[in-house]
Amino acid sequence: MENLKQVLEALLFVSEIPLSAKKLKEVVEDVEETCIEKMLEELMSEYENRCGGIIIQKAAGGYQFRTSERVSPWILKFKQGKPLALSPAAMETLAVVAYRQPVMKSEVEKVRGVDASAALKGLLEKKLIRIVGRKDVPGRPIMYGTTRRFLEVFTLNDLSELPTLQEIRELDEE
Amino acid sequence: MENLKQVLEALLFVSEIPLSAKKLKEVVEDVEETCIEKMLEELMSEYENRCGGIIIQKAAGGYQFRTSERVSPWILKFKQGKPLALSPAAMETLAVVAYRQPVMKSEVEKVRGVDASAALKGLLEKKLIRIVGRKDVPGRPIMYGTTRRFLEVFTLNDLSELPTLQEIRELDEE
Amino acid sequence: MAYQIKLDVFEGPLDLLLYLIRKHEIDIYDIPISLITSQYMAYIEEMKSLNLDLAGEYLLIAATLLHIKSRMLIPAHEEEEAEEEDPRAELVKQLVEYRTFKEAALNLGAVKLLGRDVFARNMVDEACSGGSDRPIREIGIFDLVEAFRNVLAFAGEDIEMEVDLEKFSLSQRINEIMEELNQRKAVTFEELLGTKRNRKGIIYTFLALLELMKLRMARAFQADSYGPIRIFLAVEEEK
């Protein structure tokens, strides 16, 4: 397939979510996944060296076209929408869910010392967290976890890329 | 404005519709429209000379990123395999079926206030709901319920894991 | 001492405590409890005098602090000393844990966020039609519940309505039996029970069968009084 790079570039362009080499292989077939991966990396550095308004970014286990950071004020102005805003309460709640998942509301509240209802609801609405199931204890409380969207928004490929919690380790060692 | 070209490129990228130099001037301000036009033409030939998977095209009085013609068979294939999104009507109908099953079409319509035939048909096609039987009343109306695929899509182990309205209400801000 | 308080800057009582610890350059593992308690109480009083809506959580921590303080004042008996845990231990653990997540939150927020610092293309969703084999876009269960709430609000129904978990279990069992019958056309009651041989499993299987027979989706036969009950799919002609 002589125009593989073109095809991959176009596919990344039309997709609204990051695409992995595996997913792309389903479309182009007959091409080794490693070969696709190589092409994607090539495309990524091409756009990076070009220093244009758009780049290719790895996130949520795939590749995605995004605008460059340098132009964000104009994009925001053009979209006239509010940028994604997360309050400290939302961020703290999200951090607890991300690191402790699957986690119950009561556990989040124990860590933060305050009611977590509104923060959880806001994160659910932003699709950064989701209901992953119920805990098999009396009352069967709902458990929360992060979404693929969370990885995309925070530019992580998977949860293992979350920075380690330094102090938790220190505490465990004592 | 030294990074005008980057900004214009990014704006074309995030826009769902073609953007004219006039429209772009509203965002970047302080730049002559002719200057914007010139930059856009430059960008256009850059992408053309690059012979990549995406190009900039003049359409409907503006400029727009598009995939190159050469790659369209793959784009079509990709779009056909793209995950389906549920419309709000489908989502609401599905919610009523899920929470009230086994349920008749007339009950769904009573709650939603509109004809539910199309929505139910769509959900049946997507194998999210199924006919579970006929109610033993005159006319023997069809009763609908959810399927195993429904559980899979929503990552539930069984129906008893559906959150109750009370639980979601508790998440509302006090 | 004049306190400049802006209550909104604190994310809760633990955040306030952390602020006091930082302000007085206190070692978190060796908190001078009298000092911290009086500082904390002063803040609480200030909030009260400003008629700020003081959340119950702040009072809870106040009570905890006072309790620890009183325990620290009682001299420990020598023989118990080795055994006795530091009354502050639990609170310290809580504070360190909270501080960790507070930092983790800051780190998380420091990266380029999609939708704040960088943007992707958002496509207009095409009309959703087509085959049953196409995968369905990731949807969260929360969206489903919200959709249901919208519908109920529209219908003016009592939103307090509780969902009947027993009915859910029955629907679940009906679905399972239908799947089984669709695959195998005929099964015995014993086979249907399979691994669900607990009381609940038997009851729901039985009720589900009754319901299916009532809905004329299944028929049951028994050749002799003690023979196996065989369940068949009742094939219905579409009218």
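Residues numbered from 1 in each chain as written. Chains lettered and ligands numbered in written order. Predicted model: local features only at pLDDT ≥ 70, side-chain atom pairs only at ≥ 80, totals over all residues. Heavy atoms only, no water.

(A) Focus on the packing of helix α4 (residues 72–79) of chain A against helix α1 (residues 4–14) of chain B. For the pair α4(A) and α1(B), the least separation of the axes is 10 Å and the interaxial angle reads 40 degrees. Comparing the axis directions of α4(A) and α1(B) gives the class oblique. In this structure, α4(A) meets α1(B) at a crossing whose hand is right-handed. Along its contact with α4(A), which presents W74(A), I75(A), F78(A) and K79(A), the element α1(B) presents V7(B), A10(B), L11(B) and V14(B). (Axes fitted to C-alpha atoms, helices over the stretch in contact; angles between N-to-C directions. Helix = DSSP H or I, 4+ residues; strand = E, 2+ residues; numbered from the N terminus. Parallel < 35°, antiparallel > 145°, perpendicular 65-115°, else oblique. Left-handed = near helix turned anticlockwise from the far one by under 90°. Contact = heavy atoms within 4.5 Å.)

(B) Quick peek at the interface of chain B and chain C. Between chain B and chain C, the contact holds 58 residues from the first and 57 residues from the second. Carbon and sulfur atoms make up 58% of the area that chain B and chain C hide from each other, which totals about 5600 Å². Our enumeration of links across chain B and chain C arrives at two salt bridges. Note that E179(C) is salt-bridged to R130(B), the shortest N-O span being 3.8 Å. (Buried area = accessible area lost by both parts, 1.4 Å probe. Salt bridge = Lys/Arg side-chain N within 4 Å of Asp/Glu carboxyl O.)

(C) How the structure looks around the sheet that holds strand β4 (residues 129–134) of chain B. All names here are of chain B. Taken in spatial order, the three strands of this open sheet run β3-β5-β4, and their pairing is antiparallel. For this open sheet the edge positions go to β3 (103–104) and β4, each flanked by a neighbour on one side alone. Relative to strand β5 (residues 142–146), β4 runs antiparallel, the two being bridged by five bridges. For R134, the partnering residue across the bridge sits in β5 and is I142. Running at roughly 110 degrees to β4, helix α7 (residues 117–125) makes contact with β4 and β5 of the sheet. (Pairing = 2+ DSSP bridges.)

(D) Focus on the interface of chain A and chain C. Contact with chain A, which involves 49 residues of that partner, is made by 41 residues of chain C. Approximately 4200 Å² of surface area, both sides summed, lies buried where chain A meets chain C, with 61% of it carried by carbon and sulfur atoms. A salt bridge links R112(A) to E11(C), with the shortest nitrogen-to-oxygen separation between them at 3.4 Å. Our enumeration of links across chain A and chain C arrives at twelve residue pairs in polar contact (both at pLDDT 80 or more). Top element by residues in the side of chain A that touches chain C is helix α5 (residues 88–100) of chain A. It accounts for eight residues. Taken together, the residues of the side of chain A that touches chain C sort by class into 25 nonpolar, seven polar and 17 charged. (Polar contact = N/O pair within 3.5 Å; in protein donor to acceptor, adjacent residues only side chain to side chain. Nonpolar A, V, L, I, M, F, W, Y, C, P; charged D, E, K, R; others polar.)

(E) Just the packing of aromatic side chains, in detail. Counting across every chain of the model gives 14 aromatic pairs over all chains. Relative to F101(C), the ring of Y99(A) has its centre 6.2 Å away and its plane inclined at 65 degrees; by these criteria the two rings are edge-to-face. Here F101(C) lies in helix α5 (residues 89–109) and Y99(A) lies in helix α5, a pairing that spans two chains. Residue classification places Y99(A) among the partly exposed residues on the basis of a relative accessible area of 22%. The buried category is assigned to F101(C), whose relative accessible area is 1%. By the ring-pair criterion, three or more aromatic residues cluster together here, those being F13(A), Y47(A), F65(A), F13(B), Y47(B) and F65(B). Directly above the ring of F13(A) sits R121(C), whose terminal nitrogen or CZ lies 3.8 Å from the centroid. (Phe/Tyr/Trp six-rings, centres within 6.5 Å; stacked < 30°, edge-to-face > 60°. Buried < 20%, exposed > 50% of the residue type's maximum accessible area, 1.4 Å probe, protein only. Lys NZ or Arg CZ within 6 Å of the ring centre and 35° of its normal.)

(F) The sheet that holds strand β3 (residues 103–104) of chain A, seen in detail. Strands sit in the order β3-β5-β4 (chain A) across an open sheet of three strands; the sheet is antiparallel. In this open sheet, the two edge strands, each paired with only one partner strand, are β3 and β4 (129–134) of chain A.

(G) Highlighting the environment of M143(A). Residue and element names in this part refer to chain A. If you trace the backbone, M143 turns up in strand β5 (residues 142–146). Exposure remark for M143: the relative accessible area of 13% places this residue in the buried category. The spacing of M143 and E161 is 18 residues in sequence and 22 Å in space, taken between C-alpha atoms.

(H) Up close: the domain arrangement of chain A. All names here are of chain A. As far as domains go, chain A holds domain 1 (4–77) and domain 2 (88–173). The interface is formed by eleven residues belonging to domain 1 together with six residues belonging to domain 2. For the pair domain 1 and domain 2, the two sides together bury roughly 610 Å², of which 49% comes from carbon and sulfur. Viewed at the interface, domain 2 and domain 1 are joined by zero salt bridges. Taken together, domain 1 and domain 2 are joined by five residue pairs in polar contact (both at pLDDT 80 or more). Going through the elements one at a time, β1 (54–59) and β2 (62–67) are the ones with two or more residues in the side of domain 1 that touches domain 2. Among the residues making up the side of domain 1 that touches domain 2, the classes are represented as four nonpolar, four polar and three charged. (Domains from an automatic or database assignment.)

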